[in-house]
Protein chains: 2
Amino acid sequence: MSKLIPVAVVILSILIGLFITYTYRQQNELPEFDLQRWWGSGLKPEKEDSSIRTFKIDFNNTMIEDLKQRLKSRRRFTKSLEGMQSRYGMNADYLQKVLAYWTDKYDFKKRAELLNRFPHYKTKIQGLDLHYIRVKPKVKEGIQVLPILILHGWPSSSKEFDKIIPMLSTPRHGYNFVFEVIAADLPGFGFSEGSNKPGLNPVQMAIIMRNLMLRLGFERFYIQAGDWGSQCATHLATMFPDNVLGFHTNMPLSSIPVISTVKLLIGSLFPSLIDSGRPERVYPLRKFVSYIMRESGYFHIQATKPDTIGFALSDSPAGLAAYMMEKMAICSNRDQLDTPHGGLENLDIDDVLDTVTITWMNECIVTSMRIYAEGTSSNEINAVHNKPTEVPTAAIKFLYEVMYQPDWILRDKFHNLVRSTIVDYGGHFAALHTPKELADDVFDAVTEFIKFHNTRKK
Amino acid sequence: MSKLIPVAVVILSILIGLFITYTYRQQNELPEFDLQRWWGSGLKPEKEDSSIRTFKIDFNNTMIEDLKQRLKSRRRFTKSLEGMQSRYGMNADYLQKVLAYWTDKYDFKKRAELLNRFPHYKTKIQGLDLHYIRVKPKVKEGIQVLPILILHGWPSSSKEFDKIIPMLSTPRHGYNFVFEVIAADLPGFGFSEGSNKPGLNPVQMAIIMRNLMLRLGFERFYIQAGDWGSQCATHLATMFPDNVLGFHTNMPLSSIPVISTVKLLIGSLFPSLIDSGRPERVYPLRKFVSYIMRESGYFHIQATKPDTIGFALSDSPAGLAAYMMEKMAICSNRDQLDTPHGGLENLDIDDVLDTVTITWMNECIVTSMRIYAEGTSSNEINAVHNKPTEVPTAAIKFLYEVMYQPDWILRDKFHNLVRSTIVDYGGHFAALHTPKELADDVFDAVTEFIKFHNTRKK
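Residues numbered from 1 in each chain as written. Chains lettered and ligands numbered in written order. Predicted model: local features only at pLDDT ≥ 70, side-chain atom pairs only at ≥ 80, totals over all residues. Heavy atoms only, no water.

1. With respect to the overall build of chain A
In terms of regular secondary structure, chain A is built from 19 helices and 9 strands. Taken over C-alpha atoms, the radius of gyration comes to 22 Å for chain A, in line with the 23 Å a tight globule of 458 residues would show. Oriented by its inertia axes, the alpha-carbon framework of chain A measures out at about 60 × 60 × 50 Å. For chain A, the proportion of its 458 residues judged to be buried stands at 62%. Excluding contacts between residues fewer than 6 apart, the proportion of contacts in chain A whose partners are at least 24 apart in sequence is 81%. (Helix = DSSP H or I, 4+ residues; strand = E, 2+ residues; numbered from the N terminus. Rg over C-alpha atoms; globule rule 2.2 N^0.38 Å. Buried < 20%, exposed > 50% of the residue type's maximum accessible area, 1.4 Å probe, protein only. Contact = heavy atoms within 4.5 Å.)

2. Observations regarding the packing of helix α7 (residues 227–239) of chain B against helix α16 (residues 379–386) of chain B
Relative orientation and spacing of two packed helices are given, respectively, by the angle between their axes and the distance between those axes. All names here are of chain B. Contact pair α7 / α16: the axes reach a minimum separation of 9 Å and the direction vectors enclose 70 degrees. Between α7 and α16, the interaxial angle falls into the category roughly perpendicular. When you trace α7 past α16, the crossing you get is left-handed. Taken together, the residues of α16 that come into contact with α7 (itself represented by Gln231, His235, Thr238 and Met239) are Ile381, Val384 and His385. (Axes fitted to C-alpha atoms, helices over the stretch in contact; angles between N-to-C directions. Parallel < 35°, antiparallel > 145°, perpendicular 65-115°, else oblique. Left-handed = near helix turned anticlockwise from the far one by under 90°.)

3. Let's talk about the interface of chain A and chain B
Contacts between the two partners involve 69 residues from chain A, matched on the other side by 69 residues from chain B. Summed over both partners, the interface of chain A with chain B buries about 6,300 Å², with 60% contributed by carbon and sulfur atoms. Area buried by chain A at its contact with chain B is led by Arg75, Tyr88 and Phe311 of chain A, which between them contribute 15% of it. Put simply, chain A and chain B have 6 salt bridges between them. With a shortest N-O distance of 2.9 Å, Lys305 of chain B and Glu295 of chain A are connected by a salt bridge. (Buried area = accessible area lost by both parts, 1.4 Å probe. Salt bridge = Lys/Arg side-chain N within 4 Å of Asp/Glu carboxyl O.)

4. Topic: helix α6 (residues 202–215) of chain B
Residue and element names in this part refer to chain B. The terminal C-alpha atoms of α6 lie 20 Å apart, and with 14 residues this matches the ideal 20 Å at 1.5 Å per residue to within 8%. Counting buried positions along α6 gives 12 out of 14 residues, so the element sits mostly inside the fold. Those residues of α6 that sit buried are Pro202, Val203, Gln204, Met205, Ala206, Ile207, Ile208, Met209, Arg210, Asn211, Leu212 and Met213. Its side-chain oxygen placed 2.9 Å from the backbone nitrogen of Val203, Asn201 serves as the N-cap of α6. Phi turns positive, to about 95 degrees, at Gly217, one or two residues after α6. (Expected span 1.5 Å × (residues − 1). Polar contact = N/O pair within 3.5 Å; in protein donor to acceptor, adjacent residues only side chain to side chain.)

5. So, the relation of the copies chain A and chain B
When chain A is fitted to chain B, the best match, at an RMSD of 0.0 Å, comes from turning it 180 degrees and sliding it 0.0 Å along the axis. The transformation just described matches what one would write down for a two-fold rotation axis. Interface overlap between copies: 100% of the residues of chain A at the interface are likewise at the interface in chain B, consistent with a symmetric, same-surface contact. (Least-squares fit on C-alpha atoms with pLDDT ≥ 70 in both.)

6. Let's talk about the side chain of Ser368 of chain A
Residue and element names in this part refer to chain A. With respect to the helices and strands, Ser368 occurs in helix α15 (residues 365–375). For Ser368, a relative accessible area of 4% gives the class buried. In this structure the side chain of Ser368 is engaged in a polar contact, spanning 3.0 Å, whose partner is the backbone oxygen of Ile365. Once you skip the residues sitting within four places of it in the chain, Ser368 turns out to touch Trp154, Gly188 and Phe189.

7. Overview of the environment of Tyr132 of chain B
All names here are of chain B. In this fold, Tyr132 is placed in strand β3 (residues 128–135). Among the residues examined, Tyr132 registers a relative accessible area of 1% and is labelled buried. Note: C-alpha distance between Tyr132 and Ser157 (25 residues apart in sequence) is 9.7 Å.

8. A few points about the sheet that holds strand β5 (residues 177–184) of chain B
Residue and element names in this part refer to chain B. Taken together, the 9 strands give an open sheet; going across it, the order is β1-β2-β3-β5-β4-β6-β7-β8-β9, and neighbouring strands pair in mixed fashion. The open sheet has two edge strands, β1 (52–55) and β9 (417–422), and neither has a second partner. If you compare each strand with its neighbour and ignore which way they point, the axes differ by 25 degrees on average. The strands touched by α6 within the sheet are β1, β2 (120–125), β3, β4 (144–151), β5 and β6 (221–225), with β2 carrying the most contacts at an inclination of about 115 degrees. (Pairing = 2+ DSSP bridges.)

9. Regarding the pairing of strand β8 (residues 393–397) of chain A
Regular strands show a simple pattern: their side chains alternate between the two faces of the sheet. All names here are of chain A. Counting buried positions along β8 yields 5 of 5 residues, so the element is predominantly enclosed. Here strand β7 (residues 244–249) pairs with β8 via 3 bridges, running parallel. Within the sheet, the bridge partner assigned to Thr249 lies in β8 and is Ala395. Here β8 pairs with strand β9 (residues 417–422) via 5 bridges, running parallel.

10. Thoughts on helix α11 (residues 297–304) of chain A
Counting buried positions along α11 of chain A gives 7 out of 8 residues, so the element sits mostly inside the fold. The set of residues buried in α11 of chain A consists of Gly297, Tyr298, His300, Ile301, Gln302, Ala303 and Thr304 of chain A.

11. Quick word on the sheet that holds strand β1 (residues 52–55) of chain A
Residues and elements named next belong to chain A. Spatial ordering of the open sheet is given by β1-β2-β3-β5-β4-β6-β7-β8-β9, a layout of 9 strands whose pairing is mixed. Each edge of the open sheet is held by one strand with a lone partner, namely β1 and β9. The sheet shows a mean angle of 25 degrees between the axes of neighbouring strands, taken without regard to direction. Both strand β4 (residues 144–151) and strand β6 (residues 221–225) contribute to a ladder of 4 bridges, which runs parallel. Paired with Ile148 across the strands is Tyr222, a residue of β6. Strands in contact with helix α6 (residues 202–215) are β1, β2 (120–125), β3 (128–135), β4, β5 (177–184) and β6; relative to β2, the strand with the most contacts, it is inclined by about 115 degrees.

12. Regarding the packing of aromatic side chains
In total, this model carries 44 aromatic pairs over all chains according to the counting rule given. Note on Trp228 of chain A and Tyr372 of chain A: the rings are 5.1 Å apart at their centroids and 85 degrees apart in plane angle, and the pair reads as edge-to-face. Taken together, the positions of Trp228 of chain A in helix α7 (residues 227–239) and Tyr372 of chain A in helix α15 put the pair 144 residues apart, joining distant regions of the chain. Residue Trp228 of chain A shares its accessibility class with Tyr372 of chain A, and that shared class is buried. An aromatic cluster is built from Trp154, Trp228, Tyr298, Phe299, Tyr323 and Tyr372 of chain A, whose rings are joined through pairwise contacts. Residue placement shows Arg334 of chain A over the ring face of Tyr291 of chain A; its charged tip is 4.0 Å from the ring centre. Stacked on the ring of Phe77 of chain B, the Lys or Arg Arg74 of chain B has its end atom at 3.7 Å from the ring centre. (Phe/Tyr/Trp six-rings, centres within 6.5 Å; stacked < 30°, edge-to-face > 60°. Lys NZ or Arg CZ within 6 Å of the ring centre and 35° of its normal.)

13. Digging into the confidence of the model for chain A
With 94% of its residues at a pLDDT of at least 70, chain A reaches an overall mean of 93. For this predicted complex, the interface confidence reaches an ipTM of 0.93, while the overall pTM sits at 0.94. (pLDDT = per-residue confidence, 0-100.)

14. Things to note about the pattern of salt bridges
For the coordinates displayed, the defined rule picks out 54 salt bridges over all chains. A salt bridge links Asp354 of chain B to Lys159 of chain B; the shortest N-O distance between them is 2.9 Å. In this pair, Asp354 of chain B sits in helix α14 (residues 349–362) while Lys159 of chain B sits in the loop between β4 and α5 (164–169), placing the two residues 195 residues apart along the sequence. For Asp354 of chain B, a relative accessible area of 0% corresponds to the buried category. Here Glu295 of chain B makes a salt bridge to Arg294 of chain B, at a shortest N to O gap of 2.7 Å. One continuous salt-bridge network, built from bridges that share partners, spans Arg111, Lys159, Asp162, Lys163, Asp351 and Asp354 of chain A.

Written out as structure tokens, the structure reads:
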């Protein structure tokens, strides 16, 4: 009797497939976008400020004292259920330990200093004051300097890249190029201003990021990105293929509506025939769906009521830390729910607390969470998703990345998927977790991108 | 082409229907339950404390001062997006007004006094110290006194019933019976202790509530309930039909796995043929599903990571208020998202703040949210869901109740649905929103229950 289920899946898939083919086939045109849409408060002024200012990260004493005071006067936690470790979320005893470390041992001044070893800047794009790091490499003659934009996701900021920036901007043996790195905070994240206007979705952020690169004098550049940053970068490559020399992603996703889903369903009938990579990362689908259901509550609430949950997270540093850290833990190793740390110890605790501290001090948890609400339902996003891109693309698939798609699905979106690496380690926060492996893959991917362009020229 | 979708729905429904019929047909037996399972800390003692103690609600000065201090020193809110009113959750400006009222105008002492006009008690059941209100009516000769247990849901407590208790316990013209009311706080809610052991789901709560009623000397009683309370009551009626004389619910749900869902899907093809009530409350399904998706983020996160979100909610009274009030608002009128209050003004603000204050002072947000995690996946729950009950049942369907099921689905579970009332006003918190209408319906329902039993006797 249970054999009826695959039959039903196939019938349904074919019907949906036909329906989609008819409905979407002629929708390859993008809508017209206002490339200077105003996201600042009030109306767009006559003359905009296009200055670039240097910036230093300052964990100041007032902020630190206030934070420690709030951590010390927090209310007691409800105990975790007996034996449940991290199954119902962050473990209370473990959280207590991390908070003690944050209060007593985490060296705010030293951590800020460490972040300030890179040159930081701010500039206003479309009304929002954006923060970015820009590192120019020192090179000998014969080494080409290539601009690369690197983009983070949630909960994160350009801080995520402090290990990888030196790796990308240092010339390495065997490569005749090196990178000038621009690591930007997305609007509403880290030190970048958020908007008070609705509609600032990843498509609009792609436009903003392109304008940032143009302001810095880069007409053509590479991109490396993960998570929501990878969504923005995918849109950037789709909308402005002439600006993107190549796109490297550690969260490759084809979101061509429904076609990819249909393929995913059909794939469940013959997983290993269809994916020579790691079909076990997504099949059996039942297991995958149950993991997604278990871990996507934060996504669901942030996509629908980001402001509601934001009031508590903005007001309680202990609560904010728990909320952010639980997700950082799971996304680094989803199989460690039966430990007190739930996966968190795959990351350096100082890196984790840098991220929490930056979010706390900038009061940007609400503006950053809103990307889920803005990013999940809009005709313009669907339109951009639905158009494939010709920009050469490379993917690296780490073991515990949140989502996994086989290459035969990725190629729906990325017509020139020139490289696809699968590794059996690492997780979602690759730049924090396995920075060397990520940097290595970027160098090799860009080698492929250069070959790709050279072949095309001939 | 879009006509293929209903065809696919029918095919899929029939296949699933057949599958279910074969899989579940012989599963009408309930598992064996330990009716004295120990939920207290540590191991079950040799001798249990079965005393009943009087109890007074005390909003004491230490709690009040600490709460006000935290509200005053809260961090500033992120502004709501321009023009979004309550669409991304609680509106920041409106929340600020409610918090100012809570701090400066809400009369803690007077509110506690009001709640204390009823006799409150505590007693230990299966290791948990439970709170309940018990009101005996004053009656003249010839008026029968009937015991009724009333149960709340989330986010709530027995406080929800302070308007309806006098209505139920006062004899009324035309009825030869009146109620002795027992309004209990579910374990982990209000003033009732939560458990530190996993597994305390609504089925187990049903066992606990039955034991409470037996301790109070009631072998046979009526029940009125909504929300999770109605789930507990449904289980109680299913597992212990001899104890339940009749069940009145304002959130009637047949959760017989999948059969009800299949019927719901089939119903979408011929809504008004199948439901002579208010098919528009659930069809078109697309609209209903989109509403459910929009409003169930809290459910998703509470069902998977209640502890994570609980740290922030336990630590920030502003955040707790926003989180609870947004849901109380939506559930009272889901069509008011484009107002600053988002539906909240359908309720009395003092009632709402009583509920928030009780949750804050008892630090029970985490233990109460865990009912979603415990209540959504367990073989024992599915087994009880899957068995119909013969207990006479009456349903009232208020306009903005969270879920709506037509009677032809309800009868799968409730074989003796003796009364079903549909009204075009009111919402989920019926006892706060439309207490008189709810009480009236309970009197009429119990009249029907009595008739039902009299007919059976003959």
